[in-house]
Amino acid sequence: GAQMKPALISGIIVLALTGGVGYYVGDVRPRNAVEHLQRQRKEALQEQQLRIHVASLLESLEGAQRLLAPTREADWLLQEVGRLAQESGVKIVSITPNAPKTANEFITLSVSVQLAAGYHQLGHFLGRIESYERLLQVDELNVTAQAGDAKAQARLIISAFDVPPLPVDRQPSG
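Basis of the calculations
Residues numbered from 1 in each chain as written. Predicted model: local features only at pLDDT ≥ 70, side-chain atom pairs only at ≥ 80, totals over all residues. Heavy atoms only, no water. Pairing = 2+ DSSP bridges. Helix = DSSP H or I, 4+ residues; strand = E, 2+ residues; numbered from the N terminus. Buried < 20%, exposed > 50% of the residue type's maximum accessible area, 1.4 Å probe, protein only. Phe/Tyr/Trp six-rings, centres within 6.5 Å; stacked < 30°, edge-to-face > 60°. Core = buried A, V, L, I, M, F, W, Y, C linked by side-chain atoms within 4.5 Å. Contact = heavy atoms within 4.5 Å. Expected span 1.5 Å × (residues − 1). Arc of directions from axis to C-beta.

Visitor: Which parts of the structure should I look at to understand the pairing of strand E4 (residues 136–144)?
Guide: A regular strand places its side chains so that they alternate between the two faces of the sheet. Sheet topology note: the E4/strand E5 (residues 151–162) ladder contains eight bridges and is antiparallel. Bridge pairing in E5 places Asn-142 opposite Arg-155. In this structure, the hairpin formed by E4 and E5 is closed by a connection of six residues, where Gly-148 is found at a positive phi of approximately 80°.

Written out as structure tokens, the structure reads:
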């Protein structure tokens, strides 16, 4: 309704000022760029949690299933992260799978990644992770850069989720 208008207009102004949307970081000083990426990561995390919540509310598990990891093998995650990095122009220094963790009905698969990239590429990569067709989440992000460096070193943990199969006795009968 009428209340939407000011918010929409200020949103458009912000968009015009920031010159686009997503994780793009223009020519800002490294410290600001890092803060900017961290803030965007927080917002993306909140959005992800909302997506998980909505998915878990879905009547059909199929809807949620499409957001979850297709397999519990870490290879899938290693491969996809590698592909997204390559497409974003980000150089992977090292990537290691972590042991799967189970908490609140979810199994978390994660990989620890070390990257070398410009801020623009790093932002692009993070954007690709967050908008990936299945739920991928950036759980930790540490960015270090030398003053005057166009490139940064980043360490991050990327997670995917799965749910354990339903025990037979809990499945509806009939």
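Visitor: So what exactly am I meant to see when it comes to the pairing of E5 here?
Guide: The element E5 is extensively covered by neighbouring structure, given that nine of its twelve residues are classed as buried. Inspection of the sheet shows strand E3 (residues 106–118) paired to E5 by twelve bridges, in the antiparallel sense. Bridge assignment links Leu-109 to a residue of E5, and that residue is Ala-160.

Visitor: Sorry if this is basic, but what is going on with the packing of aromatic side chains here?
Guide: Within a pair of aromatic rings, the relevant descriptors are the distance that separates the centres and the angle that separates the planes. In the structure shown here, the tally under the stated rule is one aromatic pair. Between Phe-106 and Phe-161, the aromatic rings sit 6.0 Å apart at their centres with planes inclined by 70°, giving edge-to-face as the arrangement. Pair noted here: Phe-106 is in strand E3 and Phe-161 is in strand E5, with a separation of 55 residues, a long-range link.

Visitor: So what exactly am I meant to see when it comes to the nonpolar core here?
Guide: Most often, soluble globular proteins keep nonpolar side chains buried together rather than apart. Phe-125, Leu-136, Leu-156 and Ile-158 are the most contacted members of the largest nonpolar core, which totals 30 residues. Broken down by secondary-structure element, the contributors of at least two residues to this core are helix H2 (30–57), helix H4 (74–88), E3, helix H5 (119–130), E4 and E5. For Phe-125, the contacting residues outside a window of four places in its chain are Val-81, Leu-84, Ala-85, Ser-88, Val-90, Leu-115, Leu-156 and Ile-158. Of all hydrophobic cores here, the second largest spans six residues; its members include Ile-52, Leu-67, Leu-135 and Val-163.

Visitor: So what exactly am I meant to see when it comes to H5 here?
Guide: Note: α-helices contain 3.6 residues per turn, so residues at a spacing of three or four share the same orientation. If you check H5, its first and last C-alpha atoms are 16 Å apart, about what twelve residues at 1.5 Å a residue would give, namely 16 Å. All buried positions along H5 are accounted for by Tyr-119, Leu-122, Gly-123, Phe-125, Leu-126, Ile-129 and Glu-130. An end-on view of H5 places all buried positions within 160° of arc, on one side of the element.

Visitor: For this particular structure, what's the right way to read the environment of Ile-158?
Guide: Position of Ile-158 relative to the elements: it lies in strand E5. Sequence spacing of Ile-158 and Leu-141 is 17 residues, and the spatial spacing of their C-alpha atoms is 9.2 Å. Apart from the residues lying within four places of it in its own chain, the contact partners of Ile-158 are Leu-77, Val-81, Leu-109, Ser-110, Val-111, Val-113, Phe-125, Ile-129, Leu-136 and Gln-137.

Visitor: Mind showing me how you'd approach H4 here?
Guide: Spanning 15 residues, H4 covers 21 Å between terminal C-alpha atoms, matching the ideal 21 Å at 1.5 Å per step. Listed as buried for H4 are Trp-76, Leu-77, Glu-80, Val-81, Leu-84, Ala-85 and Ser-88. End-on view of H4: buried residues confined to an arc of 160°, all on one side of the axis. Facing away from the buried side of H4 by more than 90 degrees, the exposed set consists of Asp-75, Gln-79 and Gln-86. Its buried side turned inward, H4 meets strand E1 (91–97), E3, H5, E4 and E5. One or two steps after H4, the chain reaches Gly-89, where phi turns positive at roughly 75°.

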